[in-house]
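Summary of structural features
Each chain, written out:
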Amino acid sequence: MQNIQLGNIKIEVEQKDIKNIHLSVYPPNGVVRIAAPNRMDLDTIRVFALNKLKWIKNQQEIFKNQARETPREYLTKESHYFLGKRYLLEVIEQNSPPQVVLKHNTIELHIRPGTSEEKREELMTEWYRVELKKITPKLIAKWEKVIGVQSNEFGIKKMKTKWGTCNVAAKRIWLNLELAKKPLECIEFIVVHELVHLLERTHNEVFVGYMNQFMPKWRFYREELNKLPFRHIDWKY
């Protein structure tokens with residue numbers, strides 16, 4: 001991994017066995033990365049980055065102004081999100097096994113008296129993981145038929161720079177745990193995006209063509225997803 005400095009913008013450069021150069025700006029802090037072919041020299045990559053400087057700055061400004069969720073303490077009347085809908089948390093202390101129960105407008109967090117904030121967060125995180133795991137198989141099965149591909153497995157994990165990834169060789173899809181808080185159509189967009197990688201590994205014109213074919217409104221869903229608040233977290237790279 002090498003770095004290019006353009007004024008106050010640092011660009012991470014990774015050269016690997018690919019045909020085309022790819023530029024990405026990642027939330028939440030606007031980290032800039034370029035993936036370039038091994039044959040391409042650093043000066044050529046620098047010129048490419050300079051030509052994209054205005055776009056890079058625009059993307060970084062979008063992320064800078066994007067809403068952040070306030071830190072969560074897992075107390076009654078605190079706002080939490082599930083599938084794009086806002087719920088009020090209701091903490092219920094009782095001497096019984098802990099559980100999370102979704103109601104019409106509330107999420108009930110049943111805990112034993114004296115449960116720490118850290119443990120409350122663990123319980124909520126695991127609930128989100130379980131719920132997203134319930135939703136995902138149906139979406140994958142639906143879109144595998146449409147796209148004409150077959151994945152081998154999927155997983156849910158916390159990710160700091162991506163909503164999803166696809167290991168093409170293993171045909172394994174990973175989804176960001178934070179997607180459980182987002183609208184269903186945004187989750188569906190990420191599933192489609194990762195499945196299309198089984199047809200085209202990189203984000204080139206062929207990939208975009210597939211996305212246009214299978215999900216014509218994908219750009220709209222992408223924008224909706226990137227407008228939604230980020231979880232409050234001390235992001236580190």
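Residues numbered from 1 in each chain as written. Predicted model: local features only at pLDDT ≥ 70, side-chain atom pairs only at ≥ 80, totals over all residues. Heavy atoms only, no water.

**What about the state of the cysteines?**
What the rule picks out here adds up to zero disulfides. Of the cysteine sulfurs around Cys186, a residue in no disulfide, the closest is that of Cys166, at 20 Å. The exposure class assigned to Cys186 is buried, which follows from its relative accessible area of 1%. (Disulfide = S-S within 2.5 Å. Buried < 20%, exposed > 50% of the residue type's maximum accessible area, 1.4 Å probe, protein only.)

**Comments concerning the sheet that holds strand β10 (residues 164–167)**
In spatial order, the strands read β9-β11-β10; together these three strands make up an open sheet with mixed pairing. Since the sheet does not close on itself, it has two edges, and those belong to β9 (153–157) and β10, each with one partner. In this sheet, adjacent strand axes meet at a mean angle of 20° when their direction is disregarded. Running over the sheet, helix α3 (residues 117–147) touches β9 and β11 (172–176) and is turned about 150° from β9. (Pairing = 2+ DSSP bridges. Helix = DSSP H or I, 4+ residues; strand = E, 2+ residues; numbered from the N terminus. Axes fitted to C-alpha atoms, helices over the stretch in contact; angles between N-to-C directions. Contact = heavy atoms within 4.5 Å.)

**Describing the confidence of the model for the chain**
Fine structural detail should not be taken from predicted coordinates in areas where pLDDT scores are low. Mean pLDDT for the chain: 89, with 93% of residues reaching 70 or above. Taken as a whole, residues 232–237 scores under 50 in pLDDT and shows 18 contacts with residues more than four places along the chain or in a different chain. (pLDDT = per-residue confidence, 0-100.)

**Describing the pattern of salt bridges**
Applying the stated criterion to the full structure yields 10 salt bridges. Across the pair Lys181 and Glu178 runs a salt bridge whose closest N-O atoms are separated by 3.3 Å. Here Lys181 falls in the buried class, since its relative accessible area comes to 13%. Taking the shortest distance from any N to any O, the salt bridge between Arg222 and Glu223 comes out at 3.7 Å. (Salt bridge = Lys/Arg side-chain N within 4 Å of Asp/Glu carboxyl O.)

**Considerations on the pairing of strand β2 (residues 9–16)**
Bridging between strand β1 (residues 2–6) and β2 involves five bridges; their strand directions are antiparallel. Note on β2: the bridge partner recorded for Asn3 is Glu12. Turn length for the β1-β2 hairpin, with the two strands adjacent in sequence and antiparallel, is two residues, and the turn residue Gly7 shows positive phi of about 65°. In this structure, β2 lies alongside strand β4 (residues 31–37), joined through six bridges in parallel fashion. Pairing of Val13 across the sheet is with Ile34, part of β4.

**Side note on the environment of Arg172**
The residue Arg172 is located in strand β11 in this model. By relative accessible area, which is 24% here, Arg172 ends up partly exposed. Separated by 170 residues in the primary sequence, Arg172 and Gln2 have C-alpha atoms spaced 28 Å apart.

**Some points on unusual backbone geometry**
A positive phi angle, near 75°, is found at Lys77, a position not held by glycine. Inspection of the secondary structure puts Lys77 in the loop between α2 (53–65) and β5 (79–82). The residue Leu83 is not glycine, and still its phi comes out positive at about 50°. Tracing the backbone through its elements, the reader meets Leu83 in the loop between β5 and β6 (85–93).

**What about the sheet that holds strand β7 (residues 99–102)?**
Strands pair in a sheet through their backbones, by hydrogen bonds, and they do so in one of two ways: parallel or antiparallel. The strand order across the open sheet formed by four strands is β5-β6-β8-β7, and the pairing between neighbours is mixed. Either end of the sheet is taken by a strand with one partner, and the two such strands are β5 and β7. Going across the sheet, the axis of each strand differs from the next one's by a mean of 35°, ignoring polarity. Bridge count between β5 and β6: four bridges; the pairing is antiparallel. Looking at the pairing, Phe82 lines up with Lys85 of β6. In the packing of α3 onto the sheet, the strands contacted are β5, β6, β7 and β8 (106–111), and the crossing angle to β8 comes to about 125°.

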